[in-house]
Amino acid sequence: RLQGEALQRQLETQHAERENLRFQVRLLERDLRERKVDYLEEELQSLEAENRNQQAVQQETTRLLARRRTLQEADAELDTAVKLEPGRHIPGANVQSKASMATEMDEDDLDLARWECKRLEKRLAQA
C-alpha cells in the first residue's frame, strides 16, 4: 500500500512537471513568433491604424465636449429664467424636460464611447 501511494505521488509530480514544461514551450513559441518580421509588421500596421483613428476620436471628443457645454449653458439659462420669473411658465424648465434633454444623447455617441472604452481596456490588458 505504501509503495502504491509513493508511486501515485511520483506520478502526480511527473504530471505537474510535464504541464510546467508544456507551459514553458508555449511561452518560447510565442516569443519566437513575436520576434518574426511578419508579426512585427502586423503590430506596426495595427498601431498605425490606431494612430489614424486617434484624430477622429479627438474630433469626436471635442464635439461631445462642446455639446455638453451647450447643454450646461442651456440648463443654466433655464435656471436663471425660472429664478427671475418664478410665476411664468417657461418651456423646458421642468425637471422632466431637463431629464429628457439629457437622455436625448445619440445612440451612436454611446456606441462609439463604449467601443473606445473596450479598445482602451484591451490595450491596458495587453500592456
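Residues numbered from 1 in each chain as written. Predicted model: local features only at pLDDT ≥ 70, side-chain atom pairs only at ≥ 80, totals over all residues. Heavy atoms only, no water.

**As for the overall build of the chain**
A count of helical and extended segments in the chain gives four helices and zero strands. Listing the helices and strands of the chain from first to last along the sequence gives α-α-α-α. With the model as given, the accessible surface of the chain reaches about 11400 Å², and the carbon-plus-sulfur share is 54%. (Helix = DSSP H or I, 4+ residues; strand = E, 2+ residues; numbered from the N terminus. Areas by Shrake-Rupley, 256 points an atom, 1.4 Å probe, with all protein chains shown as cover.)

**Points about the pattern of salt bridges**
Taken as a whole and assessed by the stated rule, the structure comprises six salt bridges. In this structure, Glu19 and Arg22 form a salt bridge, with 3.3 Å as the shortest nitrogen-oxygen distance. With Glu19 and Arg22 both in helix α1 (residues 2-35), this residue pair falls three residues apart, about one helical turn. On the accessibility criterion, Glu19 (38% relative accessible area) is partly exposed. (Salt bridge = Lys/Arg side-chain N within 4 Å of Asp/Glu carboxyl O. Buried < 20%, exposed > 50% of the residue type's maximum accessible area, 1.4 Å probe, protein only.)

**Some remarks on the side chain of Glu60**
Relative to the assigned elements, Glu60 resides in helix α2 (residues 37-84). Accessibility expressed as a relative area gives 18% for Glu60, which makes it buried. A distance of 2.7 Å separates polar atoms of two side chains, one belonging to Glu60 and the other to Arg63. Not counting residues up to four positions away in its chain, the partners in contact with Glu60 are Asp109 and Leu112. (Polar contact = N/O pair within 3.5 Å; in protein donor to acceptor, adjacent residues only side chain to side chain. Contact = heavy atoms within 4.5 Å.)

**Quick notes on the layout of surface pockets**
Approximately 270 Å³ is the volume attributed to the second largest pocket. What lines the second largest pocket is a set of ten residues, and nearest its centre among them are Glu43, Ser46, Lys122, Arg123 and Gln126. Contributions of two or more residues to the lining of the second largest pocket are made by α2 and α4 (107-126). Tallying contributions element by element places α2 first for the lining of the second largest pocket, with five residues. Partitioned by chemical class, the residues of the lining of the second largest pocket number three nonpolar, two polar and five charged. (1 Å grid on protein atoms, 1.4 Å probe; cavity = no way out; pocket = protein on both sides within 12 Å on 5 of 7 lines; lining within 4 Å. Points joined across faces, edges and corners; volume = space filled by probe spheres on them. Nonpolar A, V, L, I, M, F, W, Y, C, P; charged D, E, K, R; others polar.)

**Things to note about the packing of α1 against α2**
Remark: α1 packs on α2, axes separated minimally by 5 Å, with the N-to-C direction vectors making an angle of 70 degrees. Taken together, the axis directions place α1 and α2 in an arrangement best described as roughly perpendicular. Here α1 contributes Arg33, Glu34 and Arg35 to the contact with α2, which in turn contributes Val37, Tyr39 and Leu40. Grouping the constituent residues of the contact of α1 with α2 by class yields three nonpolar, no polar and three charged. (Axes fitted to C-alpha atoms, helices over the stretch in contact; angles between N-to-C directions. Parallel < 35°, antiparallel > 145°, perpendicular 65-115°, else oblique.)

**Some thoughts on a negative patch on the surface**
The grouping of Asp38, Glu41, Glu42 and Glu43 at the surface amounts to a negative patch. Its place among the elements puts Glu41 in helix α2. (Patch = residues over 30% accessible without salt bridge, like charges linked within 9 Å, V, L, I, M, F, W, Y side chains within 5 Å. Lys, Arg positive; Asp, Glu negative; His and termini not counted. Charge placed at Lys NZ, Arg CZ, Asp CG, Glu CD.)

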